[in-house]
Amino acid sequence: MLDLQYMILLSKTGKVRCIRWFAEYTSREKQVLLKDVISLVLTRKAKESNIIEYDMKSVSNTKSLNGHRVMYKRYASLYFVAGIDDSDSCNELLILESIHRFVETLDKYFGNVCELDIIYNFQKCYYIMLETFSSDGNLLESSKKKILHDIQLMDQLENNDSINNILS
Amino acid sequence: MGSLRHFIKDVKDASTPKKERDIINKESAKIRTRLKDDSVQGERRRTYTSKLLYLYVLGEKTSFGQVDCINLLSVSSSSVSTLNYEGGMDFENKRLGYLGVILLLKDENQELLTLITNLISQDINNSNKYIAGLALECLGSLANKDLARDLCTDLVSLITKCVDSVSKVDNLLTNSTGNSSYLIKHGLVAASSLLKKDPNLLTHFLNVDNGNIINKIFDTFYGADGQLKKSDVTHGVLLSIVDFITSCLNCKKLYDFDNNYDFMIKRKVIFEILQNEKIAKQQTILNHLIEFLSQAKSNEGELVNYCFKKLIEIHVLESVENSRFLTRAILYCGFYLKNDQIDEVLTIVNNLDPNASTSFIKELIDLLFSEDISKEDKIFFESNFAFKVLSVWCVGEYGSLIIETLDKSSSQTTSQQIVDYFYKINNDYYNTIENDSASFIISYLVTAVAKISTYIQNKALIEKLRQLLVFHSNKTGNLIISVKSNQLLSLFSQPIDKKRQIFAKMPEYKHEGNRIKDTYSVKSNTTVQQVDLLSDLFALTNVQTSKNSNSLDIPSNSKEIFSNDSLKIFYSIPDGKPILNHEANLDVYYKNTSQFEISQMHVFVAVGKSQNIEVGHLTNTDIPSNGISKQTFKIMGQGHLMTRIKLQYQINGVPSVEQFDYKFDKDI
């Protein structure tokens, strides 16, 4: 339904804070794509649309990734960027909404999240991403409550482990 | 070496890009050496792995650390009993290790994946649902074809187990799914990913022994009324179900028919494909199906039959674009069809709309008489009873189309070919007494012989056809066929135009029960359904007759009310019947101005609301070139004299419809 190709958390200075590839790209494709996406997104003005048409042909002729779009949404100093399939089944609003869900979950988890939280706890951010988006770039769970519940249980397990290790 | 936090801070606070680079390179080298050191364990190893992941986020090279992430997973599983006393889950290592594997191994180094095959297959059955969830996530994002194949059965049994346990919990807690929904969610997502990698894995998910997973899931989560049974099912689970089913459907489209999977599965796939025939790529699916049919082996007769039946049921073949598939389908399936199914096919062909039937017949004739048909097609002909019956029947029914329209230049050769073909069939199926299929096809053949004889010009060929009938009218043959042949023979000597009416094409057959109208009923096919046209606005009558006409003349005082390329219509007020007492008698003349014959003319007339019309018989429904047909209209009522006339006729065998309004300059 979402068919995300990738998800990148980008600071306004152009630094990647968190990145996950859902579609299959070669390292070379990833490099070029990332460079292009960063420059594309950062040069957007506030009033421009959140969707950018991106021509992949210059990068790759191996796959049918040519019709590919970049969607982004800015939250404070962080851009949440998603690569989306250029098909009719793709609903941009749904993608924006999913991104927003993800941000809300982060916000709830960290308690008024800021960029620093994500920089220093990038693993946690990844764990939440793992629960929110599935491996093929679709939405895995839309319930914030459920995600946070699961993450908290996992964190607990992790802490128990640390204590156990110290005890043993 | 400092903590992760330290490292991140250093990178963040670097004042110039060069300094940042230096810090990263230094740290990267450190991580590389430390990870190689096996004595580094536990917390410190995790720190290095975390830093490795940070390098990944920064876009640095991390390939050197891939193996170490895997080690993190395997070390923990081998040291379960020694390191941890309670439950031995070692969740910390698993969590970080799987995150590392998911990120670092994506799209790279496929060989390494073999290392994690075992790990994943162990972990997806881990008693801790979060470890299992991580393993499933890992499977979903990394799986290549090999991994998918290796772990598919594990995955199927896991999902089945979870779904089962939900149904069991069902009995205890009506409102909860227990812990299984988390696993079902992740399991189904992983399953969709695997299916994307290798559509053939679908067999595992649809395997009858396991019970159909999709059915099971539906039964578990939805009640008979379509309502969710469990109140705690999150959207995630539902999303994953939808995701999975979508993947299954996509797979069916890609399904590789060449593989020798068993009958049930193929049947299921065919069923599912055809159920979803609204999906855009109908043509592609049909292509696949036809190809499959063409390659079907003799032991697959049941399947072919099933497939064909389904194709017929969903009426997918009856459009103009798909007529090509219809001929092919019949060609390939014909071998397996039973006689009553053949009848059904004939009904379908008979009920095709004119455009579709034209292209269908074209295809058929091409197949039948083309010189350069492929060897395989030839073999199909030799053994294809249904196709023979169909071709015989079609030649009879669509004789005018075949001989007079399709290929005018070589109608002589076509006629010759048809007669030869009939003789060949006749020779192949001579024993009409003992052989059921012979009597079946010959009974169609004699009708076709009579029908086609009306369109063939060559006297010698007609005589040959007559000889065929004579042969079958012989008393020693099958009684039914001989009776039929005798009847046909008696009609054979009738004048050509009369014969053409008698042997006109069958009307569209409306299904009443399963059997096609018997060929005998052909002779009484001149009834016409009443068409209820504009019934609330106009009174309506339609009339048609098959009387022959004497030559007519159009009176000199008549007026032309309509004309097109082939037809002119006049009316006149007959002598001694002036318009009086709210009653008008009109004679209407139809003149065929084309060089072809107009046949099967039907006239529908409607008049204004305040009037009634009685329409007389057409003197003749078939009008030869330059011929005239006459009809009387008797209009009663009040008001201005107006008619709407609709004409249906065939010109040169091609159906045609005209409708026009005419306002007379008279009142009644």
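Residues numbered from 1 in each chain as written. Chains lettered and ligands numbered in written order. Predicted model: local features only at pLDDT ≥ 70, side-chain atom pairs only at ≥ 80, totals over all residues. Heavy atoms only, no water.

If you check an unreviewed UniProt entry, chain B appears there as ARM repeat-containing protein from Hanseniaspora valbyensis NRRL Y-1626.

With an unreviewed UniProt entry as reference, chain A is termed AP complex subunit sigma, source organism Hanseniaspora valbyensis NRRL Y-1626. Word for word, the UniProt comment on chain A under Sequence similarities (unreviewed entry) is "Belongs to the adaptor complexes small subunit family." Among the UniProt annotations of chain A, the heading Subcellular location (unreviewed entry) holds the following wording: "Endomembrane system". (UniProt positions renumbered as here; feature names shortened; annotations may be inferred.)

Draft legend 1. Spotlight on a nonpolar patch on the surface. A contiguous nonpolar patch, built from Met1 and Leu94 of chain A together with Val242 of chain B and spanning about 230 Å² of accessible area, is present on the exposed surface. Looking at the element boundaries, Met1 of chain A is found in the segment before strand S1 (4-11). (Patch = residues over 30% accessible without salt bridge, like charges linked within 9 Å, V, L, I, M, F, W, Y side chains within 5 Å. Areas by Shrake-Rupley, 256 points an atom, 1.4 Å probe, with all protein chains shown as cover. Salt bridge = Lys/Arg side-chain N within 4 Å of Asp/Glu carboxyl O. Helix = DSSP H or I, 4+ residues; strand = E, 2+ residues; numbered from the N terminus.)

Draft legend 2. Summary view of the sheet that holds strand S4 (residues 583-592) of chain B. All names here are of chain B. Across the sheet, five strands lie side by side as S2-S3-S4-S7-S6; this open sheet has antiparallel pairing. With partners counted over all chains shown, the strands left at the sheet margins are strand S2 (559-563) and strand S6 (611-615), one partner each. Sheet twist, expressed as the average angle between the axes of neighbouring strands with direction ignored, equals 25 degrees. Relative to S4, strand S3 (residues 567-572) runs antiparallel, the two being bridged by six bridges. (Pairing = 2+ DSSP bridges. Axes fitted to C-alpha atoms, helices over the stretch in contact; angles between N-to-C directions.)

Draft legend 3. View of the pattern of salt bridges. Across all of its chains, the model carries 30 salt bridges over all chains by this definition. Residues Asp155 of chain A and Lys124 of chain A are paired through a salt bridge, measuring 3.5 Å at the closest nitrogen-oxygen approach. Highlighted residues: Asp155 of chain A in helix H5 (residues 144-167) and Lys124 of chain A in helix H4 (residues 122-132), separated in sequence by 31 residues. Residue Arg21 of chain B pairs with Glu60 of chain B through a salt bridge whose shortest N-O separation is 2.7 Å.

Draft legend 4. Focus on the packing of helix H7 (residues 113-123) of chain B against helix H8 (residues 129-142) of chain B. Residue and element names in this part refer to chain B. In contact at an axis separation of 9 Å, H7 and H8 are set at 145 degrees when each is read in the N-to-C sense. The crossing of H7 and H8 is left-handed. Counting all contacts with H7, which are made through Leu113, Ile116, Ile120 and Asp123, the residues of H8 involved are Ile131, Ala132, Ala135, Cys138, Leu139 and Leu142. Among the residues forming the contact of H7 with H8, the class breakdown is nine nonpolar, no polar and one charged. (Left-handed = near helix turned anticlockwise from the far one by under 90°. Contact = heavy atoms within 4.5 Å. Nonpolar A, V, L, I, M, F, W, Y, C, P; charged D, E, K, R; others polar.)

Draft legend 5. Region of the structure containing the interface of chain B and chain A. Of the residues lining the interface, 48 residues belong to chain B; the matching set on chain A comes to 48 residues. Summed over both sides, the interface of chain B with chain A buries roughly 4300 Å², with 54% coming from carbon and sulfur. Looking at the side of chain B facing chain A, the largest losses of area belong to Val57, Arg95 and Tyr130 of chain B, adding up to 16% of the total buried there. One can count seven salt bridges joining chain B with chain A. Between Glu141 of chain A and Lys185 of chain B there is a salt bridge, and its shortest N-O distance comes to 2.8 Å. One can count 13 residue pairs in polar contact (both at pLDDT 80 or more) joining chain B with chain A. Looking at the side of chain B that touches chain A, the elements with two or more residues in it are helix H1 (4-13), helix H3 (42-58), helix H6 (91-104), H8, helix H10 (180-197) and helix H13 (235-254) of chain B. For the side of chain B that touches chain A, the element with the most residues is H10 of chain B, which contributes eight residues. (Buried area = accessible area lost by both parts, 1.4 Å probe. Polar contact = N/O pair within 3.5 Å; in protein donor to acceptor, adjacent residues only side chain to side chain.)

Draft legend 6. The pairing of strand S9 (residues 654-667) of chain B, seen in detail. Residue and element names in this part refer to chain B. Bridging between strand S8 (residues 640-651) and S9 involves 11 bridges; their strand directions are antiparallel. In the strand pairing of S9, His640 is matched with Asp667. Between S8 and S9, which pair antiparallel in sequence order, lie two residues; one of them, Asn652, sits at a positive phi of approximately 55 degrees.

Draft legend 7. Region of the structure containing the side chain of Lys451 of chain B. By the secondary structure assignment, Lys451 of chain B is in helix H24 (residues 436-452). Reaching out from Lys451 of chain B, the side chain makes a polar contact with the side chain of Glu397 of chain B at a distance of 2.4 Å.

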